Amino acid sequence: MIAVCDAETIFALSSGHGRCGVAVVRVSGPASSMVLRNMAGLTQALPSPRTALLRRITDPQSKELLDRGLVLWFQGPHSFTGEDSAEFHIHGGPAVITAVLQALGSLEGVRPAEAGEFTRRAFHAGKLGLTEVEGLGDLIHAETEAQRRQALRQMDGELGRLYQDWGYRLKRCLAHVEAFIDFSEDELIEDGVLNQVDSSVRQLEAEIERHLKDERRGERLRSGVQVVIAGATNAGKSSLLNTLCQRPAAIVSPIAGTTRDIVETSLDIGGFPVLLSDTAGLRDSSDSVEREGVRRARQRVEQADLTLVVVDSTQLPPDPQLVPAFLQEHLSTVLPSPSPEAGMEAASDRVLLVLNKSDLVPEEQRERTEGELRESTGLPPACFLSCYTSTGLEDFLTVLQSRVKTLCGDPLSGAPSLTQARHRAHLQQSVQALIQYHQYRDQDLALAAEGVRLALTHLGRITGRVGAEEILDIIFRDFCIGK
Amino acid sequence: MLAQKLHLLRHNFLSFVSSRTGSDLTRRQYDVIVVGGGHAGTEAAAAAARLGAETLLITQKITTIGALSCNPSLGGVGKGQLVREVDALDGLCGRAGDWAGVHFSILNRSKGPAVWGPRAQLDRERYRQFIQSELLSTPRLTVLEGSVDELLVSQPNPEEPGHHRVTGIRLVDGSHPILSSSVVLTTGTFLSGSLFMGQTTSPGGRIGDVPSCAGLSYTLKETLGLRVGRLRTGTPPRIVKESVDLSLAQLQAPDKQPTPFSFLNTHTRCKPEEQLPCYLTHTTPGVETVVRESVHLNCHIQQDTKGPRYCPSIESRVLRFPGRRHQVWLEPEGLTSDLLYPQGLSMTMPPDLQLRLLREIPALHRAEIRTPGYGVQYDFVCPTQLTPSLQVKSTQGLFLAGQINGTTGYEEAAAQGLWAGVNAGRTALSLPPMALSRTQSYIGVLIDDLVGRGVTEPYRMFTSRAEFRTYLRPDNADLRLTPRGFEEVGCVTLRRYEKAVSVRDGLQEALMALQSVALSSTRWREKLGNISLSENKSTTLKCSIGSGLWLGHSDFQRHVPKPLLHCLGCVLRIVVLPCH
């Protein structure tokens, strides 16, 4: 990667805005040492790198005292951006911060950083790969524990390493095809080289496809699990939403059809991000507004990662033996008809039955019904719950959390997951291009090579561009070319 | 035609030597001066003159104009594309190759038309004759024997970028300066060149030729402040053909039907049956032993100047990939030459050891050396200091082309020479400079790589350098470049332009005619053989302009549908796109 030499020195407040104990102002670029000397009154040597020093911070022009704080010196390339950098840890009051930023801006050749510029410089200096940069972005925006773990893992470069490895192998495949094209007529490059490429390409295809078949776990963890509450009118869907988010986010009333549009709220369930939507009760209605609400509700259910089907327990058949069949029937009216590929099993993984208003059902009948439901097969897990008394909430949350966890995967175990839709698109295109290699392999090797080139370009959108020189380097390392 | 050419040549030579040397020059002012008569210089001079610029070519020795200093061959994979493109822009080397070739083959025939590599072994004598006769009969072009001592520069034109402006040159003999608006330097390996053989070093750029004077090198470095680097290359010993036991080598026959380089030619001068074969043999462990024993006597190999990784001396091949068998091609030097050129055996060890090494190879066990191999080290100007028109950024009117820009190979030199000549001519005629895009030509790829990325080793063209390789095919170089070369650049003659346009129109017509024919897929298969087509009842072909992947098939020509008969010639350049 070519290091971009930015002549300009940039600065920015790196900690959050608003009143706080300590604020951090970061400076990066060739003038960093000058900034440090001018602002921290260091006439002699700079402090030893990465050592905090308590200094009076003054305005370089007026020499007015601005604050007392810690200064740190990072000599390039041993810094976040790879350039000379400095940090000012000052008091976090808005006036102090403004004064220090203004003082910095008054220095020659120093300007405020644009959004993301520190990271961009780190990227250009080769300090961070593209996936690591994305991981860093995710880490800064992580709201839940599991998101933090996944982002940290990605920032560590683990996902990057997986893609780099594919990139490296693909580069070798391309180099060998190119060597065969450019040199085989004059040099000792055997046909066996191409057979090796054939099998490497096949293996790569299989690995990338396996990675793609992760059921979007990583992306879900990054952007939140879509959980949709659905069911008949007046089953208590909005009450469930309010109970789960512990505030009256949705209006509840005994009137059927109170909720007409979708009400969304985000939740942290056991460290996993959940985007919870409450929907209009499903019923045929003559009211055009409500009909639209029902249409939206059905659409939302189709896109959901997990659907909570809420049933009014008082509407269950009194005979517990009839309950499973009743629920089965009920589910088929709420859920979209299963597509042929998705087996029944997959559907039941994506649904939880919530039997609400359990406080209105005699305890004995409830227990017998629970027993009946445990025996029956083919039904998603069902939980009795009373949004009114909160009875059964604990158990329901345990079930919900384990479901959400399965949907996101454990960010710390196994191969790193795909985290971005962007990555998915490029990987899919990469696989498509590799298929082209096989299609043309025996007909036109130049077109086949184009397939590998294209695959590498798509992967390069994730890992960084691959130039012709890199390919030639591999050719000359692996083969004795020369006449 | 041959007789006429030779006559022309002799005539020109005589008049030239008597009237056009040194101080006898009638003119003291030219539009363009080209320094150097190699592949870059000849193309540059011819291109500038085609453009309409009064051009002067200065070379140390007229008899070495168009000399093939190293291998007696032209083209190959990637390089063949360059030759076709130079030809499409009306350059010389393609036609010279057709005139001088004695062994034609298209490399990579099994790998798809985009990477086919037209190549030929050349008769050195014929190549030189052709180039010299072309140059000497080019209007507006004067050739002068001489050695350039100094580049003359003055204050820049303030309206354009640059710190200097070139105004002409001064010759070594101290005569008056010769003025010009542009100068193209194509000094090859002569810029501070030194020759290496064993432990001896002598100044020079090619054995048998006097070294260039240091003045030019000084101007570039000191006056113009250009960054220069040093590269090395080498050439193998030439072997007496009679002393080689060819029965111990593998015969490599040329293509039965030679394919010309030039879009203007329908056939080559050499008849199919007159072609000469090449021979293939291999190194033995004994070769490796000699190399190892000679390392301490070989100062070229001990230096760490960058040589090409892909055209290494036998010394570096053996040292980098020990214990392997390396290929050695024994190539003819010409129809009447008694020499063979051992491609793959470039070496710089002392001559007695060169002989010992050769004789370790069975076919060469009693080989005799006519001239030993040697190495050359030379200065090159870091090409990132050039614009895409090949002008030195800091010096208005100064253009560089060929090895001086860090490249290797005749074809690379010719391509740059042509483009530098075009722009030197345009500058002199007050036209804006032009650049070729890497999306449209290998010449564009070459120049873009040079000026954008620079070089760390001698740069050679490979097809893998071209991102748009499947489009930049050798077969369509005329369609890509010739119309533009005439309409926009001005370096293409009317005759060639008209030919290219008629080909283009003919292809379109043939394409439309072909697409109007609907036959059942079974019938198409009868005509075209095994071809993937959709299984509709009646179908037209999905075709595109390419090279004769399917329709060049002789079966097809026998069964060609009637509406197509009149455009059979063009049909050879149409491909049927396979359906998937």
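Calculation rules
- Residues numbered from 1 in each chain as written.
- Chains lettered and ligands numbered in written order.
- Predicted model: local features only at pLDDT ≥ 70, side-chain atom pairs only at ≥ 80, totals over all residues.
- Heavy atoms only, no water.
- Helix = DSSP H or I, 4+ residues; strand = E, 2+ residues; numbered from the N terminus.
- Rg over C-alpha atoms; globule rule 2.2 N^0.38 Å.
- Contact = heavy atoms within 4.5 Å.
- Pairing = 2+ DSSP bridges.
- Axes fitted to C-alpha atoms, helices over the stretch in contact; angles between N-to-C directions.
- Phe/Tyr/Trp six-rings, centres within 6.5 Å; stacked < 30°, edge-to-face > 60°.
- Buried < 20%, exposed > 50% of the residue type's maximum accessible area, 1.4 Å probe, protein only.
- Lys NZ or Arg CZ within 6 Å of the ring centre and 35° of its normal.
- Domains from an automatic or database assignment.
- Buried area = accessible area lost by both parts, 1.4 Å probe.
- Salt bridge = Lys/Arg side-chain N within 4 Å of Asp/Glu carboxyl O.
- Arc of directions from axis to C-beta.
- Polar contact = N/O pair within 3.5 Å; in protein donor to acceptor, adjacent residues only side chain to side chain.
- Nonpolar A, V, L, I, M, F, W, Y, C, P; charged D, E, K, R; others polar.
- Core = buried A, V, L, I, M, F, W, Y, C linked by side-chain atoms within 4.5 Å.
- Parallel < 35°, antiparallel > 145°, perpendicular 65-115°, else oblique.

A.B. asks: Which residues make up the overall build of chain A, and what are the values?
C.D. replies: Secondary structure summary: chain A contains 17 helices and 12 strands in total. The C-alpha radius of gyration of chain A comes to 30 Å, more than 25% above the 23 Å expected for a compact globule of 483 residues. Oriented by its inertia axes, the alpha-carbon framework of chain A measures out at about 85 × 75 × 40 Å. In chain A, the share of contacts with a sequence separation of at least 24, taken over all contacts with a separation of at least 6, comes to 68%.

A.B. asks: Explain the sheet that holds strand E18 (residues 369-371) of chain B to me, and be specific about the residues and the numbers.
C.D. replies: Hydrogen bonds between backbone atoms are what pair the strands of a sheet, whose relative direction is either parallel or antiparallel. All names here are of chain B. What the 6 strands build is an open sheet, ordered E14-E15-E16-E17-E13-E18; its pairing is antiparallel. Sheet topology places strand E14 (250-252) and E18 at the edges, where each strand pairs with a single neighbour. Taken over all neighbouring pairs, the strand axes of this sheet differ in orientation by 35 degrees on average, direction set aside. Bridge count for E14 against strand E15 (residues 278-282) is 3 bridges, and the pairing is antiparallel. Within E15, the residue paired with Gln250 across the bridge is Leu280.

A.B. asks: Run through the packing of aromatic side chains, naming residues and quoting values.
C.D. replies: Any pair of aromatic rings gets described here by the distance separating the centres and the angle formed by the planes. Tallied over the full model, the rule gives 5 aromatic pairs over all chains. Residues Phe183 of chain A and Phe462 of chain B carry aromatic rings whose centres are separated by 5.1 Å and whose planes lie at 65 degrees to one another, so their mutual orientation is edge-to-face. Residue Phe183 of chain A is found in helix H6 (residues 158-183), and its partner Phe462 of chain B is found in the loop between helix H12 (442-453) and helix H13 (477-489); the two belong to separate chains. Accessibility expressed as a relative area gives 2% for Phe183 of chain A, which makes it buried. Directly above the aromatic system of Phe180 of chain A lies the positively charged group of Lys111 of chain B, at a separation of 4.5 Å from the ring centroid.

A.B. asks: Give me the lowdown on the pairing of strand E7 (residues 225-231) of chain A, citing residues and values where you can.
C.D. replies: Residues and elements named next belong to chain A. The element E7 is largely enclosed, with a buried count of 6 among its 7 residues. Two elements, E7 and strand E9 (residues 272-278), share 5 bridges in a ladder whose sense is parallel. Directly across from Val225, in E9, lies its bridge partner Val274. With 5 bridges connecting them, E7 and strand E10 (residues 306-312) associate as parallel partners. Bridge assignment links Gly231 to a residue of E10, and that residue is Val310.

A.B. asks: Could you give me a rundown of the domain arrangement of chain B, with the residues and numbers involved?
C.D. replies: All names here are of chain B. Looking at chain B, the domain boundaries give domain 1 (28-234 + 378-494), domain 2 (238-373) and domain 3 (496-569). Using only C-alpha atoms to locate each centre, domain 1 and domain 2 end up separated by 27 Å. At the junction of the two partners, domain 1 supplies 52 residues and domain 2 supplies 49 residues. Both sides of the domain 1 and domain 2 interface together cover about 4,300 Å² of buried area, and 55% of this is carbon and sulfur. Three residues stand out in domain 1 for area buried against domain 2, namely Asp98, Phe104 and Arg232, and they jointly supply 18% of the buried area on that side. Joining domain 1 to domain 2, the criterion identifies 3 salt bridges. Arg119 serves as the salt-bridge partner of Glu331, at 3.5 Å between the closest nitrogen and oxygen.

A.B. asks: Now, about the sheet that holds strand E8 (residues 263-269) of chain A: what can you tell me, with residues and values included?
C.D. replies: Residue and element names in this part refer to chain A. Taken in spatial order, the 6 strands of this open sheet run E8-E9-E7-E10-E11-E12, and their pairing is mixed. Since the sheet does not close on itself, it has two edges, and those belong to E8 and strand E12 (382-384), each with one partner. Taking each pair of neighbouring strands and ignoring which way they run, the sheet shows an average axis angle of 25 degrees. In this sheet, E12 lies alongside strand E11 (residues 351-356) in parallel orientation, the contact comprising 3 bridges. Of the residues in E12, the one forming a bridge with Leu353 is Ala382. Sitting on the sheet, helix H10 (residues 288-303) touches E7, E8, E9 and E10, and the angle it makes with E7 is about 135 degrees.

A.B. asks: Residues and numbers for helix H6 (residues 214-223) of chain B, please.
C.D. replies: Residue and element names in this part refer to chain B. Residues Leu216, Ser217, Thr219 and Leu220 constitute the buried set of H6. Projected down its long axis, H6 shows its buried positions confined to an angular sector of 160 degrees, all on one face. Every exposed residue of H6 that faces more than 90 degrees away from the buried side is listed here: Ala214, Tyr218 and Glu222. Buried positions along H6 lie against strand E7 (148-154), strand E9 (178-185), strand E19 (374-381) and strand E21 (398-400).

A.B. asks: Could you give an account of the interface of chain B and chain A, naming the residues involved and the relevant values?
C.D. replies: At the junction of the two partners, chain B supplies 38 residues and chain A supplies 32 residues. Here chain B and chain A share an interface that buries about 3,200 Å² over both sides, 50% of which is from carbon and sulfur atoms. Put simply, chain B and chain A have 1 salt bridge between them. For the salt bridge of Arg469 of chain B with Glu178 of chain A, the shortest nitrogen-to-oxygen distance reads 2.5 Å. The interface formed by chain B and chain A contains 10 residue pairs in polar contact (both at pLDDT 80 or more). Taken together, the residues that form the side of chain B that touches chain A break down as 14 nonpolar, 11 polar and 13 charged.

A.B. asks: Could you give me a rundown of the side chain of Asn405 of chain B, with the residues and numbers involved?
C.D. replies: All names here are of chain B. Mapped onto the fold, Asn405 is located in the loop between E21 and helix H11 (410-428). By relative accessible area, which is 0% here, Asn405 ends up buried. There is a polar contact of 2.9 Å between the side chain of Asn405 and the side chain of Gln416. Apart from residues lying up to four places away in sequence, Asn405 is in contact with Phe380, Val381, Pro383, Leu386, Leu390, Leu400, Gln416, Leu450 and Val455.

A.B. asks: Please give an account of the side chain of Gln385 of chain B that cites residues and values.
C.D. replies: Note that Gln385 of chain B resides in the loop between E19 and strand E20 (395-396). Residue classification places Gln385 of chain B among the buried residues on the basis of a relative accessible area of 11%.

A.B. asks: Can you explain unusual backbone geometry? Please cite residues and give values.
C.D. replies: In this chain, Gly76 of chain A is followed by Pro77 of chain A through a cis amide linkage whose omega measures 5 degrees. Checked against the element boundaries, Pro77 of chain A lands in the loop between strand E4 (65-74) and strand E5 (85-92). Phi is positive for Ser390 of chain A, close to 70 degrees, though the residue is something other than glycine. Along the chain, Ser390 of chain A falls in the loop between E12 and helix H14 (393-408). Judged by its relative accessible area of 36%, Ser390 of chain A falls in the partly exposed class. A positive phi angle, close to 50 degrees, is found at Ser192 of chain B, a residue other than glycine. For Ser192 of chain B, the position within the fold is in the loop between E9 and strand E10 (194-197). For Ser192 of chain B, a relative accessible area of 32% translates into the label partly exposed.

A.B. asks: Could you give me a rundown of helix H4 (residues 93-100) of chain B, with the residues and numbers involved?
C.D. replies: With 8 of 8 residues buried, H4 of chain B is to be regarded as a mostly interior element. Those residues of H4 of chain B not exposed but buried are Cys93, Gly94, Arg95, Ala96, Gly97, Asp98, Trp99 and Ala100 of chain B.

A.B. asks: Any chance you could break down the nonpolar core for me, citing the residues and the numbers?
C.D. replies: Formed by 109 residues in total, the largest nonpolar core has its most connected members in Leu151, Leu185, Leu220, Leu398 and Trp419 of chain B. Examining the composition of this core, we find that 10 residues originate from one element, H11 of chain B, more than from any other. For this core, the two domains that each supply at least three residues are domain 1 (28-234 + 378-494) and domain 2 (238-373) of chain B. Dropping the residues within four chain positions of it, Leu398 of chain B is found in contact with Leu151, Val166, Val183, Leu185, Leu220, Leu224, Leu390, Gln391 and Val392 of chain B. Counting 42 residues, the second largest nonpolar core, distinct from the first, contains Leu159, Ala449, Leu472 and Ile475 of chain A.

A.B. asks: Any details on the packing of H6 of chain A against helix H17 (residues 468-478) of chain A? Residues and values, ideally.
C.D. replies: Residues and elements named next belong to chain A. Where H6 meets H17, the closest approach of the two axes is 8 Å, and the angle between their N-to-C directions is 70 degrees. In terms of their interaxial angle, H6 and H17 are classed as roughly perpendicular. Here Tyr168, Lys171, Arg172, Leu174, Ala175, His176, Glu178, Ala179 and Phe183 of H6 come into contact with H17, specifically with Glu470, Ile471, Ile474, Ile475, Phe476, Arg477 and Asp478. Per-class residue counts for the contact of H6 with H17 are 9 nonpolar, 1 polar and 6 charged.

A.B. asks: Describe the pattern of salt bridges, listing the residues and the values that go with them.
C.D. replies: Residue and element names in this part refer to chain B. All chains considered together, the criterion is met by 42 salt bridges over all chains. We note a salt bridge from Lys79 to Glu411, for which the minimum N-O separation is 3.0 Å. You can see Lys79 sitting in helix H3 (residues 79-88) and its partner Glu411 sitting in helix H11, a full 332 residues away along the chain. Residue classification places Glu411 among the buried residues on the basis of a relative accessible area of 3%. Residue Arg480 is joined to Glu85 by a salt bridge in which the shortest nitrogen-to-oxygen separation is 2.8 Å. Highlighted residues: Arg480 in helix H13 and Glu85 in helix H3, separated in sequence by 395 residues. By the burial criterion, Arg480 is buried, and Glu85 matches it.

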